[in-house]
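Here is how the chains run, residue by residue.
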Amino acid sequence: MQCTRYNDGTCRSCQWLEKDYTQQLADKQQHLCGLLTGHPVSQWLPPEASAESAFRNKAKMVVSGSVERPLLGMLRRDGTPIDLCDCPLYPQDFAPVFAVLKPFIARAGLTPYNVTRRRGELKYLLLTQSTLSGRFMLRFVLRSEAKLAQLRAALPWLLQQLPQLAVISANIQPVHQAIMEGEQEIPLTEQQALEERFNQVPLYIRPQSFFQTNPQVAARLYAAARAWVAGLPIDSLWDLFCGVGGFGLHCARQERALTGIEISAQAISCARRSAEQLGLSQVSFAALDSTRFAVGESRTPDLVIVNPPRRGIGAELCQYLARMAPPYLLYSSCNAETMAQDMARLPAYRAVKVQLFDMFPHTAHYEVLALLQRSSTASLPGEFFHPQQR
């Protein structure tokens, strides 16, 4: 991938850009193998590669500059603004939206927030595209509601220029810290959910719900989870940290009882909508803390799916899972180091399958999916081999 900003030294977010992509995958696989040295893996599946450019469905743009000449991109450590509207990680559909948003900022009088002076109103623009429809969700992150009336008044012009904008909202983030968004979300359009579809499973993205930023690789991740679970002798499953329900809904069947838990009420709203559209009857989604839910339950499901944030599932939940002893665990992680720590806390489980999914090309980050089986259960068929033999 060629990047002007990387070549001129203004943006080095893609730290591995100079490394051949084949070598990137090899280095990530080696890192994962090293982390799991103490956990024998029955079957290593080959890494799932990503497109090298135009793979992101979401742009998180710091707004800087002046109201007449806003810059959309990032701030360097010294406070220097960098415009990233031409970043090659974004599909070509993003550039026309950025081009209209710049004059709109001036039209609406949304003064960019100046970090040094602690003045201004518009902090970030968050733009997400659906690969299903090509339509967008746009969020304005503001310091306060002071410019909200001006923003509302200018919206008809914006929608006329960009009819592909399906969902628009304003998020209020009043704190002078590098926090992307606040708790208060104000809808500015009647529609507040962007529809997506992976592997014929409908999924919905609301302004404050988490969604994977590499949809092509995410679809393959969910498909792998469904394929791995398909042959397991299970009648019930939990999907903890379920987000909008991607894993649970891919693994659900009419004869299986599915319970999905996620702290975000918006994400749970999306998951329920998807389950209803799929006609699933034995499904329950609740907006709760995943650890607190699990430790408060007396029943034991056949399978527990976990897709935690980078910190992992942690000691408390690992201890409870060890006592509860479900036959199978399906662990999806964006931080293999914390996943390895969690696996060390679960010595009764062995890794049946492990696969790397390169959700974040040109960086050291990656996603990993691992199927764990409690050693007291019947063995699954699978050849034992080292990943370098693939």
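Our subject is the structure listed above.
Not measured: the values here are computed from a predicted model. (Residues numbered from 1 in each chain as written. Predicted model: local features only at pLDDT ≥ 70, side-chain atom pairs only at ≥ 80, totals over all residues. Heavy atoms only, no water.)

Asker: Provide a residue-level description of the side chain of asparagine 307, including the pertinent values.
Answerer: Position of asparagine 307 relative to the elements: it lies in the loop between strand 14 (303-306) and helix 9 (314-324). At 3.5 Å, the side chain of asparagine 307 forms a polar contact with the side chain of serine 332. If near-sequence neighbours (up to four positions away) are discounted, asparagine 307 is found in contact with Leu240, Phe241, Phe247, Ser332 and Glu367. (Helix = DSSP H or I, 4+ residues; strand = E, 2+ residues; numbered from the N terminus. Polar contact = N/O pair within 3.5 Å; in protein donor to acceptor, adjacent residues only side chain to side chain. Contact = heavy atoms within 4.5 Å.)

Asker: Describe the pattern of salt bridges, listing the residues and the values that go with them.
Answerer: Side chains bearing opposite charge may pair, as long as their charged atoms lie close to each other. For the structure on display, the rule yields 13 salt bridges. The salt bridge partner of aspartate 27 is lysine 19, with a shortest N-O separation of 2.8 Å. Judged by relative accessible area, lysine 19 falls into the partly exposed class, the value being 27%. Glutamate 185 is paired through a salt bridge with arginine 139; the nearest N and O atoms lie 2.7 Å apart. Highlighted residues: glutamate 185 in strand 8 (residues 184-187) and arginine 139 in strand 6 (residues 136-142), separated in sequence by 46 residues. In terms of burial, glutamate 185 and arginine 139 fall into one category: buried. Bridged by salt links that share partners, the residues Arg5, Asp8 and Asp86 form one connected network. (Salt bridge = Lys/Arg side-chain N within 4 Å of Asp/Glu carboxyl O. Buried < 20%, exposed > 50% of the residue type's maximum accessible area, 1.4 Å probe, protein only.)

Asker: Which residues make up helix 2 (residues 21-35), and what are the values?
Answerer: Over its 15 residues, helix 2 runs 21 Å from end to end, which matches the ideal 21 Å to within 8%, given 1.5 Å per residue. What helix 2 keeps buried is the set Tyr21, Gln24, Leu25, Lys28, Gln29, Leu32 and Cys33. Summarising the axial view, the buried residues of helix 2 lie within an arc of 165°, below the 170-degree limit, and thus occupy one face. Structurally, helix 2 contributes buried residues whose contacts are with strand 1 (41-44), helix 10 (336-344), strand 16 (349-357) and strand 17 (367-374). Where helix 2 begins, the capping side chain belongs to aspartate 20, and its oxygen is found 3.0 Å from the backbone nitrogen of threonine 22. (Expected span 1.5 Å × (residues − 1). Arc of directions from axis to C-beta.)

Asker: Could you give me a rundown of the state of the cysteines, with the residues and numbers involved?
Answerer: Cysteine pairs can be linked by a disulfide, which is a covalent bond between their two sulfur atoms. Across all of its chains, the model carries 0 disulfides by this definition. Lacking any disulfide linkage, cysteine 251 is separated from the closest cysteine sulfur, that of cysteine 242, by 12 Å. (Disulfide = S-S within 2.5 Å.)

Asker: Describe the environment of valine 167, with residues and values.
Answerer: By secondary structure assignment, the location of valine 167 is in strand 7 (residues 165-172). Under the relative-accessibility criterion, valine 167 is labelled buried at 0%. When the C-alpha atoms of valine 167 and arginine 135 are compared, they prove to be 8.7 Å apart, with 32 residues separating the residues in sequence. Beyond its immediate stretch of four places on either side in the chain, valine 167 contacts Phe136, Met137, Leu138, Thr189, Gln191, Gln192, Ala193, Leu194 and Pro207.

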